[in-house]
Amino acid sequence: MGLAYNVYLNAKRIYGCKTCKTHLADHDEIISRNFRGQHGKAYLFNSVVNIQQGEAGERNMTTGRHLVRDIACRQCKEVVGWKYDRAYESTEKYKEGKYILEQELLCQVN
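- The protein appears in an unreviewed UniProt entry as Protein yippee-like from Oleoguttula mirabilis.
- In its Sequence similarities (unreviewed entry) section, UniProt records this for the protein: "Belongs to the yippee family."

Below, the structure written as structure tokens:
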């Protein structure tokens, strides 16, 4: 299996895990800031790094039923958001394969 090395992003604005400061996402990967999570404001990202994915499960959300999985920081194991695996509503298909990171669980890393 080998060692899992963290990815270090090289960008102007980097979002990291609030608990351990591990790099999670480049600000330029934000698709939308118009999301809400369990802890308040959340961002939809095209891609993230240094995460572990949980088991997929169906959830009823504000915008309908989705197949999602929690994502956690690979370093400290704190849940930082979720990944959309499947959207059942045709208007929500753009979310498939995308990631939500909750603002309250993030910090700016420079």
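**What to know about the pairing of strand E6 (residues 57–61)**
At step 1: With five bridges joining them, E6 and strand E7 (residues 64–73) adopt antiparallel strand pairing. Bridging across to E7, Glu58 finds its partner in Leu67.
At step 2: What sits between E6 and E7 in their antiparallel hairpin is a turn of two residues.

**Considering the environment of Gln38**
At step 1: Within the fold, Gln38 resides in the loop between strand E3 (30–37) and strand E4 (40–45).
At step 2: Classification of Gln38 by relative accessible area gives exposed; the value is 73%.
At step 3: Here the alpha-carbon distance between Gln38 and Glu89, two residues 51 residues apart in the chain, equals 22 Å.

**Focus: the pairing of E3**
At step 1: In this structure, E3 lies alongside E4, joined through five bridges in antiparallel fashion. Its bridge partner being in E4, Ser32 is matched across the sheet by Leu44.
At step 2: The antiparallel hairpin formed by E3 and E4 contains two residues in its connecting segment.

**Looking at the pattern of salt bridges**
At step 1: This structure, assessed with the given rule, holds six salt bridges.
At step 2: The partner of Glu104 in a salt bridge is Lys18, and the shortest N-O contact between them spans 3.1 Å. Placement of Glu104 in the loop between strand E9 (99–102) and strand E10 (106–109) and of Lys18 in the loop between strand E1 (14–17) and strand E2 (23–26) is noted, with a sequence separation of 86 residues between them.
At step 3: Overall, the relative accessible area of 42% leaves Glu104 in the partly exposed class.
At step 4: Take Lys18: its relative accessible area is 42%, and that puts it in the partly exposed class.
At step 5: One salt bridge in this structure joins Asp85 and Arg69, with 2.7 Å as the shortest N-O distance. Placement of the pair is Asp85 in strand E8 (residues 79–87) and Arg69 in strand E7, with a sequence separation of 16 residues.
At step 6: A relative accessible area of 24% means that Asp85 is categorised as partly exposed.

**Regarding unusual backbone geometry**
At step 1: Of note, Asn50 is a non-glycine position whose phi angle comes to about 55°, a positive value.
At step 2: Assignment of secondary structure puts Asn50 in the loop between E4 and strand E5 (51–53).
At step 3: By relative accessible area, Asn50 is classed as buried at 4%.
At step 4: Residues other than glycine seldom take positive phi values, yet Lys77 does so here, at roughly 75°.
At step 5: Its location among the elements puts Lys77 in the loop between E7 and E8.
At step 6: A relative accessible area of 48% places Lys77 in the partly exposed class.

Reading the values: the criteria
- Residue positions are given per chain, counting from 1 as you read along its sequence in written order.
- This being a predicted model, a pLDDT of at least 70 is required before a residue's local features are given, and a value of 80 or more before pairs of side-chain atoms are given or counted; all residues contribute to the totals for chains, interfaces and linings.
- The side-chain numbers reported here are obtained from all heavy atoms of the structure, hydrogens and water having been left aside.
- UniProt positions are given in the numbering used here, feature names are shortened, and annotations may be inferred rather than shown by experiment.
- Strand pairing requires that DSSP identify at least two bridges connecting the strands.
- Only runs of H or I of at least four residues qualify as helices and only runs of E of at least two qualify as strands under DSSP, and these elements are numbered from the N terminus.
- For the exposure calls, accessible area comes from a 1.4 Å probe over protein chains only, and a residue counts as buried if that area is under 20% of its type's maximum, exposed if over 50%, partly exposed in between.
- A side-chain nitrogen of Lys or Arg and a carboxyl oxygen of Asp or Glu constitute a salt bridge if their distance falls within 4 Å.

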